[in-house]
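If you want the building blocks of each chain, they are given just below.
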There are 2 protein chains.
Amino acid sequence: MDNLFNDPAAVRALSQPLFQPRSIALIGATADQAKNNSRAQRLLQKTGYTGRVVPINPTRTEVMGLPAYPRVQDAPGPIDHAFIMVPAASVIDAVAGCAQAGVKVATIFTAGFAELGRDGLALQQRLVEVAREGGVRILGPNCLGLFNVTDGVPLTVNAALEAETLRPGWISVVSQSGSMMGALMTRFQDRGLGFSRLVSVGNECDLGVGELTEMIVEDEKTRVIVLFIETFRDSIPLARAARRAHELGKAVIAFKLGRSETGRILAVSHTGAMLGGDELASTFFRDQGIMRVDTLEGLVELPRLILGRTPPRGSRVAAITGTGGAAALVLDRLGNMGPTLVGPTEEMRARLATTGLEISDAPLIDLPMGGTRKQYTDVLAELLASDHCDAVLAVLGSTTRLRPGQVDENILSVPLGAKPLAVFIAPAAEAGLTKLDDAGVAGFRTPESCADALNAYLTWVAPRVFPTPPAALLRQVSDTLAAHGKGALDEVQSGAVFAQLGIEGPGSQVVTDAAEIGDFNGPVAVKVLSPDILHKTDAGLVRLNVIGREATATAVTDLLARARTAFPNARIHGALVAPMQRGLIEVILGYRHDREVGPVVMLGIGGVMAELKHSLSVRLAPVDEATARGMIADLPELRVIDGFRNLPRGDVAALARAISAISLLACLDGVEVQEAEINPLIIRAEGQGVVAVDGLVVIGGIKEGDAV
Amino acid sequence: MDNLFNDPAAVRALSQPLFQPRSIALIGATADQAKNNSRAQRLLQKTGYTGRVVPINPTRTEVMGLPAYPRVQDAPGPIDHAFIMVPAASVIDAVAGCAQAGVKVATIFTAGFAELGRDGLALQQRLVEVAREGGVRILGPNCLGLFNVTDGVPLTVNAALEAETLRPGWISVVSQSGSMMGALMTRFQDRGLGFSRLVSVGNECDLGVGELTEMIVEDEKTRVIVLFIETFRDSIPLARAARRAHELGKAVIAFKLGRSETGRILAVSHTGAMLGGDELASTFFRDQGIMRVDTLEGLVELPRLILGRTPPRGSRVAAITGTGGAAALVLDRLGNMGPTLVGPTEEMRARLATTGLEISDAPLIDLPMGGTRKQYTDVLAELLASDHCDAVLAVLGSTTRLRPGQVDENILSVPLGAKPLAVFIAPAAEAGLTKLDDAGVAGFRTPESCADALNAYLTWVAPRVFPTPPAALLRQVSDTLAAHGKGALDEVQSGAVFAQLGIEGPGSQVVTDAAEIGDFNGPVAVKVLSPDILHKTDAGLVRLNVIGREATATAVTDLLARARTAFPNARIHGALVAPMQRGLIEVILGYRHDREVGPVVMLGIGGVMAELKHSLSVRLAPVDEATARGMIADLPELRVIDGFRNLPRGDVAALARAISAISLLACLDGVEVQEAEINPLIIRAEGQGVVAVDGLVVIGGIKEGDAV
């Protein structure tokens, strides 16, 4: 469906009725305080909403003091936003009524749609049709609603909000899990943090995480957007939102379920959406400039660490502690992630020495006997002011429990602001943490969340700038592919596409008869050419290391006969004769238009080990050669061809060119490649290039149809 | 040094003066309240210690109301325990005085020893000599002391204890990090947990974590022992303590620094001890029946989960939630660890159906709309009573923040005790957590610590029973090795040892002259035989695939000449001629007497990839064949020879025998093998055995000298 609006005016036009409606219809309103549905109206009263509230109830003329109407189309207009709480069977009628009444957006709390399986999905599809025909945008169904805290507009029946008075602030939350809204809200709230927009997206039948984030990113009060994600349903607008956030100096941070197979299954059974590989998610986040955290507390504590920051220049952390063991807890964990711990500089040590403090060049600055207050603040000020690190970790020990004032003395007396400062307090020390909260300094309760948040910040990069594709070349490739139409190309056709992209094949020959075989020096491989037969090796349709014209002829004749017998319905385009290839190592080079995150390019190690021991590097496509080099560096196995121990070097430059070339399939015009794979791609010695020995291209269809 | 006492009477004999002294000398006592040292006496007064306290101060006859003496040997005896706080330069005199006064054990708070580097280490060694000569056992130096909470005996100047009144209880803590004592104490304390023994071990110049744990495990009040470890200094008594804990139905849980290289360096610079590989630590913990946690909160929250438990039969967890997203947070993380999530059984579903609750067979029991109280407790009771799982996870949602009573209704009303129950509360909900604390139920604040603790319990196994080694065989091997004396054996000598253990070599021949070459079918490898030349391939002293008698003779002559020229001082025992070996895959099989954890056997993948992509399985040695099979299963790469995709099977049984055989080096009599390695060990097809192509044995010395 069309959720790809890319127009700031459209964003504003929807944002207003969604988050700042001048009038709200509560469809399913009731005065029965025991019912959940009554809460929507109570919450609007509680926050002092100043717009018009119109209860809709089939049997009442008044609900909690306000005039009620049987149907939304009976109420006086205009109505900006409807909040729908009626049973699932009545939702479509309610939405039709909204259309008739000119309601711009409806938030559907009611459950009983796609999350229930096939029947529910059918009901949801009808709902979407009715909404689209009537020009009503939908949030939900099966969502907890939203809360514009800045303007005091709750559109929800969330019980948590009855007891809780949320503080306005600069965090906005978009969550695919309704049940996690309360957990996130309360955990932020207890850290003294406030909110601007909170949205539970439910089934995302229309408005999804991406478009909602696009709207929220334009909200002035919002400075950090927190995403709780189970699956991607609209990665294109989400990518756009993340890039816009970067432009505006705002940060987007994500927690995503599905790190394990169990988690993926749970995420799916919970939402009825597609499976998603976790590496693809990480790739998407990194390439779009979104920080990803691994722990729930990390998600809660990261916003304060990165408020107002932009991606760091490096990933170097400096650390000061008065208590070695506790600092080691954070740094040990961080040591298995990306960032590097850097010790003090020579100048810093010299300057500190003039104050009487001699510190070693050890990476962790561990003050002897905990140090004095002045020593601690002198070092901390040096680290915060220095260019040699990108973030600072300060650790406080047991004394902070007894004397929370140590937070003021050791931390808050130092001029902050130069770079992110993470403070870990080793003992249970709520009073000290509250002082940090009050001062807006990121204080951490666990070494794990501290390491997680530092890692998220220190590995944060700006959204990757995609290379500009060579238009003429893409035109040629598009034309070639368009001529084939939808479906799988055979090996020769696929090889021709790769060759057009500049990735050479083995110089093979197609023959339909043994008599056509040309001259080959050395051994050849012979295999049947058919787009309809997969796993040709398993079917006995491949012979390797065939030597001499006669043996080759026999192999061609045999294999063609065998294929025709075994696969009578397959299209058989002949036999392929190709010189056997040797090189230093084999890789698998792949491209895929992923249904969740869009086009990606993948590099993996070839051979049977690839299946047994997962080793893969992934980027959103397209990539330039520099990014391709980064992918090569991701795979430890490829160090054997990149200058390891005097082993012969492979043509890594040619491999990088090949990766970049195949990634251009993301930029075709009029044709969507669903997937492409070269397996194996043989890497020869330096200067001798790479060879695509076998490969496959599958055309998914016409480009216009590929919206997620 | 002799810290290997293995005698229950000796344990008791030391335990009494250490933890329950009838009289205590405070060496360095002062009445100056501003000084740290005054605190030791104040804390003894605060806890109402009923024994005799003797302040030692060179210039006072009275300190805080008690008669003081200039030296401990001047005070009236007997004195069980001395707490030493004087400057480092005076510590040795103080210990000598203790010896003279018949003091049984001294705890040294003073820092300035091994942790400072070489000079400090020398001072510490002198200290140890004086103590040993005088028969005084030492805790520390550089330690925070100890606290027997059960009997109210603090021997420490820990500032935290002045404000904190610790509750007596069943947790004991032994920590190598003094600075973490306060963090652990306060975090347990705030969970409502109490203590029996708390010990900060400092530099462990005499009493170490192992012996202290041996004493603590015999303490009646102690039921769970928590270890905070930076490095292993006495793994033998620690292993003994862990096994004794298992006998007594007590649990030992460990947090160890050093998961990352950074952490290992920090642990080392902090304590002056040896580097230790993290896998070795995990191996040690698992094989000795110690649970290991990965997070600090996991360490704090695990004791309640496992109190009174023994290792589980399986590693299956069942889960119930009223809020899917929050449960998925725990289970997603757990899904990347060892345990398995199991759904409800058929019988369970049938029984629940009779109460009107229909649940699916999905692995996570996610009650529709959160479920009613009765539904929740019905399911929870079923899970807790059922044999199909080994632990239960119950998740509570946002409501628990508003209504902590939900904890009583949904959790505490169910009969507990059948198996461990972990409760994760999704929102910030201190009141609910306190209810769980009060009821003795394990409540978790973060999904990460919940998964960590569940994983630690569910992967807990009883201490591994080591196989009984075949005495006659070991006698033979010991004799062979003893005949060589200390140092490296050459390849032929090493091969003979492996052959004695039943691991066959390639059938090679040693020649000192080309004329001696025997008859070989097929290609051979020729290499120089010398225990003094490492890296023979790099030195050009190996030729592979030599075919025919003449070429072999030339190779032998060439290589011997080249070796004599290049290494004039090396012992050259001739040239080795061996048939080239082929097999399905190569592995590295190693044995090592590790300085930290003792004898271990290691299995890794061979070839250059081994260095680039770490893949290794380790166990404490010796291992039987079943354990060896487990090691083979640890390496995903070995699935290619164990029934993967119709690939030819390798002789996995022979590999298991070889692993078990080399591990017997741990059981030799009178000889200590420092390390042994077969690289490569070639695995042939099923039924055709394995071949040790090359190998090395290094004899470390006479067994009597191997104490850590």
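See the structure printed just above.
Every residue gets a number counted from 1 within its own chain, in the order that chain's sequence is written. Just so you know, chain letters begin at A and ligand numbers begin at 1, following the order they were written in. A pLDDT threshold of at least 70 governs which residues receive local features in this predicted model, and a stricter bar of 80 or more applies before side-chain atom pairs are shown or counted, although totals over entire chains, interfaces and linings include all residues. No hydrogens and no water enter the side-chain calculation; it runs on all heavy atoms of the structure.

A. Broad picture of the overall build of chain A. Helix and strand assignments come from DSSP, with helices taken as H or I runs of at least 4 residues and strands as E runs of at least 2, each series counted from the N terminus. Helix and strand counts for chain A come out as 24 helices and 31 strands. Along the three orthogonal principal directions, the C-alpha set of chain A runs to about 95 × 80 × 40 Å. To sort residues, take the accessible area from a 1.4 Å probe on protein chains only and compare it with the maximum for the residue type: under 20% means buried, over 50% means exposed, and anything in between is partly exposed. The 708 residues of chain A split such that 58% are buried. Considering only residue pairs separated by 6 or more positions, chain A has 73% of its internal contacts joining residues 24 or more positions apart. Here a residue-residue contact requires only that any non-hydrogen atoms of the pair lie within 4.5 Å.

B. Structural view of the interface of chain A and chain B. Counting residues at the interface gives 70 residues for chain A, matched by 70 residues for chain B. Any carboxyl oxygen of Asp or Glu that lies within 4 Å of a side-chain nitrogen of Lys or Arg is treated as forming a salt bridge with it. Here chain A and chain B share six salt bridges between them. Of the charged contacts, one joins arginine 401 of chain A and aspartate 190 of chain B as a salt bridge, the two residues approaching to 2.8 Å between their closest N and O atoms. Any pair of N or O atoms that falls within 3.5 Å is considered a polar contact. Within protein, one atom must be able to donate a hydrogen and the other to accept it, and sequence-neighbouring residues count only if both atoms are side-chain atoms. Counting the contacts that link chain A with chain B gives 22 residue pairs in polar contact (both at pLDDT 80 or more). The greatest single-element share of the side of chain A that touches chain B, amounting to eight residues, is contributed by helix H12 (residues 324-334) of chain A. Ten residue types, Ala, Val, Leu, Ile, Met, Phe, Trp, Tyr, Cys and Pro, are classed as nonpolar, four, Asp, Glu, Lys and Arg, as charged, and the remainder, Gly among them, as polar. Considered class by class, the residues forming the side of chain A that touches chain B number 31 nonpolar, 20 polar and 19 charged.

C. Spatial organisation of the relation of the copies chain A and chain B. Overlaid copies result from least-squares superposition on C-alpha atoms, with residues included only where pLDDT is at least 70 in both. Each copy superposes on the other: chain A lies on chain B with an RMSD of 0.0 Å after a rotation of 180 degrees and an axial shift of 0.0 Å. On this basis, the relationship between the two copies can be described by a two-fold rotation axis. When C-alpha distances to the rotation axis are compared across chain A, the minimum falls at glutamate 448 of chain A, with a value of 4.5 Å. Both copies present the same face, since 100% of the interface residues in chain A are matched by interface residues at the equivalent positions in chain B.

D. Spotlight on the packing of aromatic side chains. All names here are of chain B. For Phe, Tyr and Trp, rings pair up if their centres lie within 6.5 Å, where Trp contributes its six-membered ring, and each pair is then called stacked (planes under 30 degrees apart), edge-to-face (over 60) or tilted (otherwise). Counting across every chain of the model gives twelve aromatic pairs over all chains. Ring centres 5.5 Å apart and planes at 50 degrees place the aromatic pair phenylalanine 232 and phenylalanine 285 in the tilted group. Pair noted here: phenylalanine 232 is in the loop between strand S12 (224-229) and helix H8 (235-247) and phenylalanine 285 is in helix H10 (residues 278-287), with a separation of 53 residues, a long-range link. Since its relative accessible area comes to 1%, phenylalanine 285 is described here as buried.

E. Quick peek at the state of the cysteines. We call a pair of cysteine sulfur atoms a disulfide when they lie within 2.5 Å. Scanning the model with the defined rule gives zero disulfides over all chains in all. Cysteine 450 of chain B provides the cysteine sulfur closest to cysteine 389 of chain B, a residue in no disulfide bond, and the two sulfurs are 14 Å apart.

F. Examining helix H14 (residues 373-385) of chain A more closely. All names here are of chain A. Taking 1.5 Å of rise per residue, the 13 residues of H14 would be expected to cover 18 Å, and the 18 Å separating its terminal C-alpha atoms lies within 8% of that figure. Of the residues making up H14, those classed as buried are Tyr376, Thr377, Val379, Leu380, Glu382, Leu383 and Leu384. Residues of H14 that are buried sit in contact with strand S15 (316-321), helix H13 (346-354), strand S17 (364-366), strand S18 (391-396), helix H16 (405-412) and strand S19 (421-425). To estimate how far a helix should extend, the number of its residues minus one is multiplied by 1.5 Å.

G. Focus on the environment of valine 86 of chain A. All names here are of chain A. Relative to the assigned elements, valine 86 resides in the loop between strand S5 (81-84) and helix H3 (88-101). Take valine 86: its relative accessible area is 16%, and that puts it in the buried class. Those residues in contact with valine 86 that lie beyond four places of it in its chain are Ile27, Gly28, Val91, Ala94 and Thr110.

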